[in-house]
Each structure stands twice: as structure tokens, then as C-alpha cells.
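Here is how the chains run, residue by residue.
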Amino acid sequence: LYKVAMEQVVDGNTLVAMCLSRGGVDRMFGVVGIPVTSLANRAVALGIRFIAFHNEQSAGYAASAYGYLTRRPGVLLTVSGPGCVHGLAGLSNAAANGWPMVMISGSSDQSFTGRGDFQELDQIAAVKPFSKFSAKATDITEIPTSVFSVIDWAVAGRPGGTYLDIPSDVLHQTVDESQAQKLITEALDSRNKDLIENPKINYSEIQKAVELLRTAQRPLIVFGKGAAYARAENELTKLVESTGIPFLPTPMGKGLLPDTHELAATAARSLAIGKCDVALVVGARLNWLLHFGEAPKWSNDVKFILVDISKEEIELREPFLGIVGDAKDVIGLIHKEIKDDPFCLGKTHPWVEAIRNKTKDNVAKMEVQLAKDVVPFNFMTPMRIIRDAFLLVGGPAPILVSEGANTMDVGRAVLVQTEPRTRLDAGTWGTMGIGLGYCIAAAVASPDRLVVAVEGDSGFGFSAMEVETLVRYQLPVVVIVFNNGGVYGGDRRNPEEITGPYKDDPAPTSFVPGAAYHLLLEAFGGKGYLAATPDELKSALAESFSAKKPSVINVTIDPYAGAESGRMQHKN
Ligand code: ADP
């Protein structure tokens, strides 16, 4: 009798888990503890995979990237107070990158508010700058509406992070099973469907865009991670190939069309953006990554056609023509409109030829550098070896995770992306420390793919303990650490400027030289490799890529190779 009675009661923990499951959540990332441990266990019992991390920062990065890769909000679960604060790293990263994510934190007991309860914090106030929507369930009956709202708001319009606060007393409240089901049904019925619908597209703007592209002398198509998120690859490929217009991906736009495509202007970037007269920019902000769309990088009279899901984004940039809409829908319509009266620049068009020639020149110059076997390693030699190893991976292309200064810069130029959404990097916010979290998210989102991180030792160090998470879940992740002994590498200070009582301390940029990062993974039963020569690196890559098991390859790099701040010295 007792058992039957217990089964008919649902507590707050179970109700949250039920709602997440009904809301389509099938993966969660987080760190358990007071008061959310039961919530995680109930979610698992309902078929949700819970990936338990060491730190909320990494788990949050994972949730943000999972949202980007799957188009469904990545869910981060944190404990109260400090757990919520650590989680802000992930939430802010989701906001900056425009990725859908839901952060759920337990919070302290409402009956003690203001009296210094365990881990007490006004979490709703703390998340405000980083969340597009937040809700607090102050009573168990508010849980269903709150859960469905944070899920819907995360994906609505420009995706981003949302936040759900559940006080510990609410997690322990109970309702009858039948009441729980009724609350869920009512909340589902009252969901705001308009929120998640794509905006209607103004067809006259499509016609204007086509006219601009048709009459341009030097048109360019630029696309970014918003287009990748929209899964606009087929529409973009059709548009590029039918019109013969060269294209330029942003770093995470790489792979929507293959880097090896004959119309790729990646290696002729300065020419392409400096000389184009009409630029169709799809799902990419004219922010620092695209030099704000301004001279001198862009020509003064370039006409921008911006395609973005966010009306505010278009209003902010004041382009020649703005089209609010989903990238896949808009590019599909542009292609359709062109099809009725097709045009194609053709291979001998002076603009296409200029870009092709510049690309050839730049690629040839880079290949000369890449062909050398420089030991001790610079950044180029190991990157070439990694590029070649990538090309030998059979099946779907690996997902590349990249962070660091020189490591990310050189990797962006050298590594080849052939499939959409196979590059995750430091992104709009230049976030360091994303590596392990992104690897775990990628492996969980795409279990059929190998995941390879190519990252600096500094980026790796932010979340290195998550290598244990890789081993625990046996994820097919190979982490390649470019180990140059510090942030930017060796001590680059002018000795005359270093004075004072701590002048003999290690430089703020330096780490222990020759750190054995590969042994870190071995402590947990993973496989570690140390590679200081081309042969050692080739054999470590061949073995780890075919094993598809958690591995760390510690690549010894000359501490004085590369530049301070990579290609952004002017900002440091
Ligand atoms: P990148 O870093 O690749 O340049 P950004 O993150 O700066 O890309 O820009 C991505 C843009 O894509 C954002 O302005 C965002 O509003 C927009 N976006 C997001 N989803 C879509 C979509 N489905 N269709 C069109 N634009 C989108």
C-alpha cells in the first residue's frame, strides 16, 4: 500500500525531469550537488543522458556548443550560488555566439531568503546580462510553464541562453501524478507557437537582392555560423554554383561549402572583401570578425545585403538592403528567383579570375612553408601533418575543435573543412578554455564522428581535468596540445623592463616547460603520446585516429615560434 501511495506522488525534481523530456531534451551537461542531484538522477531515469563534468564552466561550454550543433537547446544543470556563477561562463558564451542553451540552477530555500542561507544568491539578477529570458519557479505548479518557456525562448529568433531557477524547497514540493500530468498538458497547450516560427520573408526584398547580385561587377557571398545553424548548406551551394559568385566563410562558416571548392575565396580574403562591390552576408554579424564592414578592409562603397534572423541586427548595421528571415529560407528564395532568369559569372569573368589567381598564389606560398619539416616544431609543420592525417579519416569528416592564439590562427588557414558544422573554435567572444567542453558536446551530438581538438597548452589547461570525463564516457576524442610552455609561448619580455622584488618569478605568460600533458590522461586510463618529431606525430595520429578512443597528443613546440597574441598583436 505504501509503495502504491509513493508512486502517485511527483516531487519537483521529477516534474522538472518530466517536462524536460516532454520538451524534447535528451542530453544534459552539468555538475551535481545540493540541491540538484536528484534532478539529474530523475532525468536519467526518464531516458535523458546526463554528462557529469568536473566544473560548470566546461559543462556550460558543452551545453552551448551542443545547442549550436543540434539546433536544440543544450541544457546545463548547476548547483546553487557558486555553481550558478561558474555556469555563467557557458551562458555568456551562448549569448555572445547566438547559440541556444538553457541553464537550470537549483537555488536556496525561499523561506530563508535574505538571511544568509547555504549558497544564497539572487541568481535571477546574476544571470540577467547573459540570458534573453529567465524564469523562477516559485511553486511546483509553475514548473511546467517555466521549463517550456526557457526551452522555447532559447531557440526563438536569434538563439541564445535562457535561465531557469528552481529553489530547493520547490524541488521538494509534491503534487499527485494526475495533477502533474494536467499541469504539463496545460503548459504545453499554452505554449506560444509564434515564438518559434521563422519570420515571414518580404518577397520584394528577395527581388531587390537578386537585382543587386545580377548587376554587380564584383559580387561576394559571405556566410557565417548563423547560416550553419540554419542548415543553409544546400541552398548556398546551389546559389554559388549556379551564379559562379565567389564565397567567403567566416571561421565557423567553413565547411558549408568545402574549403577546396573552386569558388572559395578564403585564401584571397583581403582581396575579396577589399574589392567586392556587393556582398551578400548570410548569418554573420558585421562585428570585429568582419571588420565592422568598414574601410579600409572593405571598400567604402560596398553594398551590403544582410540576411539575418534578427531584425535588431539588421537595424544596427544599416546595410544597403536587409532581409529578416531564416538563412535557409531566404537563400532558397533567392535561388528560386534567379532560376527564372539565370545568370552566371563564369570562369573567365575578371573578378572570378582575380580571386582564383590570388588564391593560387597564396596557397602556393603557404605550401612552401608547410612543406618544410621544421624541428623543434614551429606551428606550420605539425599543422600540415595533422591536415594530412585528417584527410585519411574515412567516413564522415571529423569535428575539429580549435582554440589558442597561434594554434587557432595557423589551424584556420591550414586545416581543411569539407562538411558543415565541423569546426568549433573560440568564436565571437574569443573564449579560451572551450576545448574540452566543445569536444564532449561534439562527441555526444555526433557519435558517428571522430572529434579532434587542436589547441594551445593554455587553452587546454583551463579545463584539462575534463580529460577524465572523456575516459569515463569513452568518447572518441583526440586532444592535440601544441605545447609551447605558456600563453603565447616563451618569455617575450624585455629583460630591462622587469624589475622589483618578484623579477625572478616566471613570466606571467609561462608555464612549467615540457609539461607532460599526455600523462594526465594516462592517470585515468586513456592513451597519451608525446610527439616532438614528424615521425612521432604521424604515428600518434595514425594510432589515435583509428582507435577513436580518448587520447592526448602532447606536441612539443618551440616556445619562441609564433607571435604574441597570434594575429591580434594590435589588441594586446
Ligand atoms: P560568425 O561568427 O560566423 O561571423 P555571427 O555569430 O557573428 O557569425 O553571426 C551569426 C548571425 O546569424 C547572428 O546575427 C544571428 O542573429 C544570425 N542567425 C542565427 N540563426 C539564423 C538563422 N536561422 N537564419 C539567419 N540568420 C541567423
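All residue numbers refer to position in the chain's written sequence, counted from 1. With the structure being a predicted model, the display of local features is reserved for residues of pLDDT at least 70 and the display and counting of side-chain atom pairs for 80 or more, all residues being used for whole-chain, interface and lining totals.

The protein appears in an unreviewed UniProt entry as 2-hydroxyacyl-CoA lyase from Rehmannia glutinosa. UniProt positions are given in the numbering used here, feature names are shortened, and annotations may be inferred rather than shown by experiment. Per UniProt, the comment on the protein under Sequence similarities (unreviewed entry) is "Belongs to the TPP enzyme family." You can read under Cofactor (unreviewed entry) in the UniProt record for the protein the words "thiamine diphosphate".

Asks: Can you explain the overall build of the protein? Please cite residues and give values.
Replies: The helix and strand inventory of the protein stands at 23 helices and 19 strands. Two things to know: the radius of gyration comes from C-alpha atoms, and the globule rule equals 2.2 Å times the number of residues to the power 0.38. Relative to its length of 572 residues, the protein is compact, with a C-alpha radius of gyration of 25 Å against a globular reference of 25 Å. The dimensions of the protein, computed from C-alpha atoms along their principal axes, are 80 × 65 × 50 Å. Each residue is classed by its C-beta neighbour count within 10 Å, where at least 20 other C-beta atoms makes it buried, 12 or fewer makes it exposed, and intermediate counts make it partly exposed; the C-beta atoms are placed from backbone geometry. The 572 residues of the protein split such that 53% are buried. The helix count covers DSSP runs of H or I at least four residues long, the strand count covers runs of E at least two residues long, and both are numbered beginning at the N terminus.

Asks: I'd like a description of the site of the ligand, backed by residues and values.
Replies: Around the ligand, a shell composed of 24 residues is seen, among which Gly-224, Gly-226, Ala-230, Thr-250 and Arg-285 lie nearest. When contributions to the shell around the ligand are tallied by element, the ones reaching two or more residues are helix H11 (225-229) and strand S12 (303-308). When residues of the shell around the ligand are assigned to their parent elements, the largest contribution, three residues, is made by H11. Considering only residue class, the shell around the ligand consists of eight nonpolar, 10 polar and six charged. The rule is simple: place the C-beta atom from the backbone, and if it lies within 6 Å of a molecule or strand, the residue is near it. Under the scheme applied here, ten amino acids are nonpolar (Ala, Val, Leu, Ile, Met, Phe, Trp, Tyr, Cys and Pro), four are charged (Asp, Glu, Lys and Arg), and all others, including Gly, are polar.

Asks: Break down helix H7 (residues 143-155) for me, with residues and values.
Replies: Helices are assigned an expected span. That span is 1.5 Å times one less than the residue count. In this model H7 runs 19 Å from its N-terminal to its C-terminal C-alpha over 13 residues, within 8% of the 18 Å that 1.5 Å per residue would give. Burial analysis of H7 places 12 of its 13 residues in the buried class, the great majority of the element. Considered for burial, the residues of H7 that qualify are Ile-143, Pro-144, Ser-146, Val-147, Phe-148, Ser-149, Val-150, Ile-151, Asp-152, Trp-153, Ala-154 and Val-155. On its buried side, H7 packs onto helix H2 (12-22), helix H4 (56-70), strand S5 (101-107), strand S6 (133-136), strand S7 (161-167) and helix H9 (177-189). Positioned one or two residues after H7, Gly-157 has a phi angle of 55 degrees, which is positive. Residue pairs are scored as contacts if the distance between their C-beta atoms, which are placed from the backbone, is within 7 Å.

Asks: I'd love a proper account of the sheet that holds S6, names of residues and values included.
Replies: By definition, two strands form a pair when at least two bridges between them are found by DSSP. Sheet architecture is open: six strands sit in the order S3-S2-S4-S5-S7-S6, paired in parallel fashion. Strand pairing shows two members of the sheet lacking a second neighbour, strand S3 (49-52) and S6, which therefore form its edges. Sheet twist, expressed as the average angle between the axes of neighbouring strands with direction ignored, equals 20 degrees. Bridge count between strand S2 (residues 27-30) and S3: four bridges; the pairing is parallel. Paired with Phe-29 across the bridge in S3 is Ile-51. To obtain an axis, a line is fitted to C-alpha atoms, over the contacting stretch when the element is a helix, and the angle between two such axes runs from 0 to 180 degrees between their N-to-C directions.

Asks: Could you give an account of the pairing of strand S14 (residues 399-403), naming the residues involved and the relevant values?
Replies: For S14, a buried count of five out of five residues is recorded, marking the element as mostly surrounded by other parts of the structure. Here S14 shows no split at all, with Ile-399, Val-401 and Glu-403 on one side and Leu-400 and Ser-402 on the other all buried. Sheet topology places S14 next to strand S16 (residues 451-456); five bridges connect them, and they run parallel. Residue pairing for S16: Ser-402 is matched across the bridge by Val-454. Summarising the sheet, S14 and strand S15 (residues 423-425) pair through three bridges and their orientation is parallel. From the neighbouring strand, Val-401 faces S15, where its bridge partner is Leu-424.

Asks: Can you tell me about the confidence of the model for the protein, naming the residues and giving the values?
Replies: The predicted coordinates should not be examined in detail at positions where pLDDT is low. Note: pLDDT gives the predictor's confidence per residue, expressed from 0 to 100. When the pLDDT values of the protein are averaged, the result is 95; 98% of them are 70 or greater. Of the two predicted TM-score estimates for the complex, the pTM is 0.96 and the ipTM is 0.99.

Asks: Talk me through the packing of helix H12 (residues 233-243) against helix H15 (residues 327-339); I want residue IDs and the actual numbers.
Replies: The relative placement of two packed helices is expressed as an angle between their axes plus a distance between the axes. Axis separation between H12 and H15 bottoms out at 8 Å; the angle between their running directions is 30 degrees. When the interaxial angle is binned, H12 and H15 end up roughly parallel. Of the two elements, H12 crosses H15, and the hand of that crossing is left-handed. For the pair H12 and H15, the contacting residues are Glu-235, Leu-236, Lys-238, Leu-239, Ser-242 and Thr-243 in the first and Lys-328, Ile-331, Gly-332, Ile-334, His-335 and Ile-338 in the second. Residues that form the contact of H12 with H15 fall into these classes: five nonpolar, four polar and three charged. Any angle that falls under 35 degrees is termed roughly parallel, while one over 145 is termed roughly antiparallel, one within 65 to 115 roughly perpendicular, and all others oblique. Helix crossings get a hand from a simple test, with the near helix turned counterclockwise from the far one by less than a right angle marking a left-handed crossing and a clockwise turn marking a right-handed one.

Asks: Account for the pairing of strand S13 (residues 321-324), naming residues and giving values.
Replies: Of the strand pairs in this sheet, S12 and S13 are connected by four bridges, and their pairing is parallel. By the bridge assignment, Asp-308 is partnered in S13 with Val-324. Taken together, S12, helix H14 (residues 311-317) and S13 form a β-α-β motif whose crossover is right-handed. Seen with its strands pointing away from the viewer, a crossover is right-handed if its path from the first strand over the helix to the second goes clockwise.

Asks: Break down the packing of H2 against H9 for me, with residues and values.
Replies: The N-to-C vectors of H2 and H9 enclose an angle of 40 degrees; their axes lie 11 Å apart at closest approach. Judged by the angle between their axes, H2 and H9 are oblique. Between H2 and H9 lies a crossing whose hand is right-handed. Judged by residue contacts, Leu-15, Met-18, Cys-19 and Arg-22 of H2 engage Ala-180, Ile-184 and Leu-188 from H9.

Asks: How would you sum up the nonpolar core? Please name residues and give values.
Replies: Residues Ala-62, Val-281, Val-282, Cys-439 and Ala-442 are the most contacted members of the largest nonpolar core, which totals 178 residues. In terms of residue count, helix H19 (residues 435-445) provides more of this core than any other element does, nine residues in total. In plain words, the nonpolar core is the set of buried Ala, Val, Leu, Ile, Met, Phe, Trp, Tyr and Cys residues that C-beta atoms within 7 Å link up.

Asks: Describe the UniProt feature "domain: Thiamine pyrophosphate enzyme N-terminal TPP-binding" (unreviewed entry) in the protein, and please don't skip the residues or the numbers.
Replies: The residues that UniProt annotates with the feature "domain: Thiamine pyrophosphate enzyme N-terminal TPP-binding" (unreviewed entry) are residues 12-125. Across residues 12-125 one finds 47% helix and 18% strand; the C-alpha atoms that close the span lie 23 Å apart.

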